[in-house]
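# A closer look at the structure
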Amino acid sequence: MRNGSQDFVRRLPDSALHFSRVQSLWRRIHIDPLLLMLLMLLTAYGLIVLYSASGQSESILRRQVVFYAVAYIAMLITAQIDLQVIRRWAVWLYLGGIGLLLLVFFVGVGAKGAQRWISLGFMRFQPSEVMKIAVPVMTAAFFASRSLPPKFAHIVICLLIIALPGVLIFKQPDLGTAILISASGIIVLFLAGLPWRYIFGSVFLLGASIWPMWHWLMKDYQKQRVLTLLDPEADKLGAGWNIIQSKTAIGSGGVYGKGLFNGTQSQLDFLPESHTDFIIAVMAEEFGLMGVLLLLSLYLLVITRGLFIAWSSQNMFGRLLAGSITLTFFVYVFVNIGMVAGMLPVVGVPLPLVSLGGTSIVTLMTGFGLLMAIATEKKRVR
Amino acid sequence: MIWAEKELHQFKDHHGEARVFAFRMVLSLFLVFLLFGLLLARYYTLQVVDHQHYATRSDSNRIHVRPIPPNRGLIFDTHGELLADNRPTFSLSIIKEHTKDLKQTIRVLAGIVEVREGDIANFYKLLKRRRRPYEAVPLRYRLTEEEISRIAVNEFRLKGVEIEAQLTRAYPLGDLFAHTVGYVGRISERELSRFDEQNYRKYSGTHSIGKIGLEKYYEKTLLGQVGTENIETNAHGRVLRVLDTIDPVPGKNLELFLDAGLQKIAAVELNGRRGALAAIDVKNGGVLAMFSAPAYDPNLFVTGISYKDYNALNQSRDLPLFDRAIQGQYPPGSTIKPVLGLGALKYGVVNFGTTIRDPGYYQLENDERLYRDWKKGGHGNKIDLRQAIVESCDTFFYGMAFNMGVDRMHIFGSQFGLGAKTEIDLPSERPGLWPSREWKKNTRGMHWFPGDSLNVSIGQGDVLATPLQLAVMTSTLASRGKHIKPRLVKKIGDTETKMEIIDQVIVDDLQWDYVMSAMEGVVHSFRGTANKISRGAKYRMGGKTGTAQKVGIAQDEEYDSEKIDERNWDHALYIGYAPADNPQIAAAIIVENGEHGSSAAAPIARKLFDAYFSQQLAREMLAEEEKLAARRTVDQ
């Protein structure tokens, strides 16, 4: 039936020339060796930092290793799925995710005034994690079957697809996740060729809406975070504490750091959330600017590889999805590293692949599984 | 056809799509590099450019931010006598990070000073709640001198243990102001769970919070603002130097209208009884005295009351924790008669010449029931309103109420504050009850019967009022209709609180004269129910006695105190003001199970007024003396 699908087949010189047997083996088991290697380097680096940040707690390390094991398995499984199957099931994945989000409102459990989890008895599960995958998949699938650049009506539909989970998660309330999930959808829109006039128009509108948002929409604790960012010294005992301590940790690390397990800020409990959101401060204190440089390089390589996969994909679905997954990963990295250094407001975003975290690591690796599926998709030979 | 077109369209655009995508991709990559560069620049700034600054911060001499708790505002009575003070006490705290073994340290401590199980449990609770490392967590409060020296001797064994001097709330006059000033106590789990980020900040360093009374009502004013200091400490937690300080702002002081002298009179007079007293300055609504008996010592609560003490207070039959003055709702009995009489005059239900014959009971048409007067056989013939007030003739009021009707009684009485909270500056006041047609329909689902009006007219039935409400009512009568909101606080810091007039009752002047003269008659005429208290008085006063039934008496039965348990005896009430020609002070008194307003409650009012005027006189004389003395020095 799809004989009309004349997907443009990009004939890359290198992939054509070095079509060795090894490469075809990797391709057969749907693994991108370069990406896998980079991820494993990041994992190893992350585990070392986590071990130090947790006060050399073996139980936390063990937990994280288990999470990683599950996450890598999830990645390998995801990589085996045929991309076209994912594309066809995108709508159901998306609707299922929305259903789960609605469920949170009724049977969700929460802490600190937020209702984000569904309890499965033996574990707690955060439905917004599903949306981290579902939103890029859904939006990519939506544009893949339409002519590009997107028409106005399609843009509106796409924005609705993004806004629905965005609003539901925002209401939990979990502003950080809501923004990141919306970002993953908007990236798809951008890559699909959203006309520049819309881009500039919305940037202008956003700028103009800052004042009303501040007054009507934002909650006190959110305002507090922004104010703390602007002047952390003003509230040394309360919200400013985290930022002051993390900046002190980073700054005192210097170029070469204080050495593993020697970070006084983190080892003496000055630094809050040291093994979750603020873990990069531990790394910066103990390994110095060199450690940060190494981490940033690894991230940059992962992102470059991801963008290359997107670029070399043969169909629009693969391109958009890979682009979105990679760039969203970048947004996570940027927001976390920026917030710990006091450049951005403190929103609860973990440092990908380094912070302690169960479901979030699994979700991330599932995303990389999709990347690998795209990278190793069979060329359609007619 | 359409399908084919679409496919064609799609096919045609492939190159364009790929080109756009590739361009956006390159753009994204560029952006990624740019933003990573920005991150790197930021970390470079922190770690290389400003490295020295942050390195000193985190060096072995660590800098801590320490909250400096503000001094809580003091509370004074109207003459400047201190009612709530902050006194230095010593408490024992532990900095967990500085101990080698927390459990061992506590064990050692328990061998040196008294540490109870409850203290330890509390300590661990606070430790869990702690938000910053190196924060000292209190284990014991109010150390004795001996305990302090014993800790000092054992200091080498007690790393991480600190003795902190802090100001603790004290109430020098003890139970005299227990219900009005109230007390502070340790911040409880529940209060803490309701704190938001801002409150956490405000109370860092402060361990207590106003629990009841003025301490609670004026919590925000009394608390002040927390200060901070950056301190440099060495590895053992010793403070090496203070780097910079933001001073705390002390809470504002409160000056009350309450007068400790009058309060003492109330406490002495109500000693051993259950009851309450409220006295108001007629000119401005300031509460001069307010006391509920029995009271308790608020100092017990400040650093945590023991279970034993608390149970003793909480389970006492006399309910010492209950503030009868604003929470006790009693039937006001005959004390509301002057108000109703005045209303009847205003609405023309009766006039100065209206008289009745009193056989000792009143009967409604077509009703068997006898509404009895308190006086068997009645008050006689030709009873007018004046005499009905002076002798407290129920029969007159029954007939008057029947003619006046509930609606007018309700409207008029409400203007004197009956049935509504007085809005005094205290928490948990109760509103009493001033029945109306709607009220009965809404709560009982029944119509209003004329018999109900009769009960209301003698302050029985469903009518309920707090002693403070009665004092406000009396003050409104004494000031010829100026219904002022009562308040305890005269000054917050240096700012005087404002008088608030809630209502102005408008009645003809002659009618005011008439009712007030009748109230004067209650005290000063031969037949007045409170005439005993006029003996030897150097001023004239107005008043009204009341007796409120606690148990219902059957139709053909008579009240006999010997047959009834003491706790079911009638309540004695009295309202009064003085001086009669230019009222300054108005008071309401209730003595539970005191039986007769005239003998149990009215004499307390006399003593209160005597004290008030003699104090005033003494002050005036003193002022005069000072003036003379000043003149003499000038002359010399």
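The text that follows walks through the structure, step by step, so that each part is easy to find.

### Considerations on the overall build of chain A
For chain A, the helix and strand inventory stands at 15 helices and three strands. Relative to its full complement of 382 residues, chain A shows a buried share of 53%. Accessible surface, chain A: about 17100 Å² in total, of which carbon and sulfur atoms supply 69%.

### Details of the pairing of strand 12 (residues 287-293) of chain B
Residue and element names in this part refer to chain B. Of all seven residues in strand 12, seven are buried; the element is thus mostly enclosed. Where strand 11 (residues 275-281) lies against strand 12, six bridges are found, and the strand directions are antiparallel. In the strand pairing of strand 12, Ala276 is matched with Ser292. Linkage of strand 11 to strand 12, two consecutive antiparallel strands, is achieved through a turn of five residues, within which Gly285 is found at a positive phi near 80°.

### Structural notes on the sheet that holds strand 23 (residues 585-591) of chain B
All names here are of chain B. Sheet architecture is open: five strands sit in the order 12-11-23-22-21, paired in antiparallel fashion. Taken across any chain shown, the strands that pair with only one partner, and hence form the sheet edges, are strand 12 and strand 21 (542-548). Adjacent strand axes in the sheet meet at a mean angle of 5° when their direction is disregarded.

### Regarding empty space enclosed by the protein
Empty space left among the atoms is revealed by rolling a probe the size of a water molecule over them. All names here are of chain A. Counted under the stated rule, the structure contains five cavities of 30 Å³ or more. What the largest cavity holds in volume is close to 250 Å³. Lining the largest cavity are 19 residues, with Lys132, Thr328, Tyr332, Thr363 and Leu364 sitting closest to its centre. Every element with two or more residues in the lining of the largest cavity is listed here: helix 6 (128-144), helix 14 (316-340) and helix 15 (359-375). Of all the elements, helix 15 adds the most residues to the lining of the largest cavity, at six residues. Partitioned by chemical class, the residues of the lining of the largest cavity number 12 nonpolar, six polar and one charged. Looking at which domains feed residues into the lining of the largest cavity, each of domain 1 (33-80 + 232-375) and domain 2 (82-218) supplies at least three.

### Describing the environment of Gly342 of chain A
Position of Gly342 of chain A relative to the elements: it lies in the loop between helix 14 and helix 15. Between the C-alpha atom of Gly342 of chain A and that of Ile244 of chain A, which follows or precedes it by 98 residues, the distance is 8.5 Å.

### Remarks on the packing of aromatic side chains
Applying the stated criterion across every chain, the model contains 27 aromatic pairs over all chains. A centroid spacing of 6.0 Å and a plane angle of 35° characterise the contact between Tyr45 of chain A and Phe287 of chain A, whose relative ring orientation is tilted. Highlighted residues: Tyr45 of chain A in helix 3 (residues 33-53) and Phe287 of chain A in helix 13 (residues 279-312), separated in sequence by 242 residues. Among the residues examined, Tyr45 of chain A registers a relative accessible area of 11% and is labelled buried. Given the relative accessible area of 21%, Phe287 of chain A is considered partly exposed. On the basis of an interplanar angle of 70° and a centroid distance of 5.9 Å, the ring pair of Phe396 of chain B and Phe397 of chain B is categorised as edge-to-face. Comparing Phe396 of chain B with Phe397 of chain B shows no difference in burial state: the two are buried. In this arrangement the basic side chain of Arg319 of chain A is found over the ring face of Phe21 of chain B, its NZ or CZ atom lying 6.0 Å from the centre. Taking the ring centre of Tyr371 of chain B as reference, the NZ or CZ of Arg369 of chain B above it sits at 4.7 Å.

### Things to note about the side chain of Gln584 of chain B
Residue and element names in this part refer to chain B. Relative to the assigned elements, Gln584 resides in the loop between strand 22 (571-578) and strand 23. Given a relative accessible area of 19%, Gln584 falls into the buried group. Among the polar contacts listed, one links the side chain of Gln584 to the side chain of Gln616, at a separation of 3.2 Å. Residues within four places of Gln584 in sequence aside, it is in contact with Ile280, Asp281, Val282, Lys283, Ala578, Pro579, Tyr612, Phe613 and Gln616.

Conventions we followed
Residues numbered from 1 in each chain as written. Chains lettered and ligands numbered in written order. Predicted model: local features only at pLDDT ≥ 70, side-chain atom pairs only at ≥ 80, totals over all residues. Heavy atoms only, no water. Helix = DSSP H or I, 4+ residues; strand = E, 2+ residues; numbered from the N terminus. Buried < 20%, exposed > 50% of the residue type's maximum accessible area, 1.4 Å probe, protein only. Areas by Shrake-Rupley, 256 points an atom, 1.4 Å probe, with all protein chains shown as cover. Pairing = 2+ DSSP bridges. Axes fitted to C-alpha atoms, helices over the stretch in contact; angles between N-to-C directions. 1 Å grid on protein atoms, 1.4 Å probe; cavity = no way out; pocket = protein on both sides within 12 Å on 5 of 7 lines; lining within 4 Å. Points joined across faces, edges and corners; volume = space filled by probe spheres on them. Nonpolar A, V, L, I, M, F, W, Y, C, P; charged D, E, K, R; others polar. Domains from an automatic or database assignment. Phe/Tyr/Trp six-rings, centres within 6.5 Å; stacked < 30°, edge-to-face > 60°. Lys NZ or Arg CZ within 6 Å of the ring centre and 35° of its normal. Polar contact = N/O pair within 3.5 Å; in protein donor to acceptor, adjacent residues only side chain to side chain. Contact = heavy atoms within 4.5 Å.

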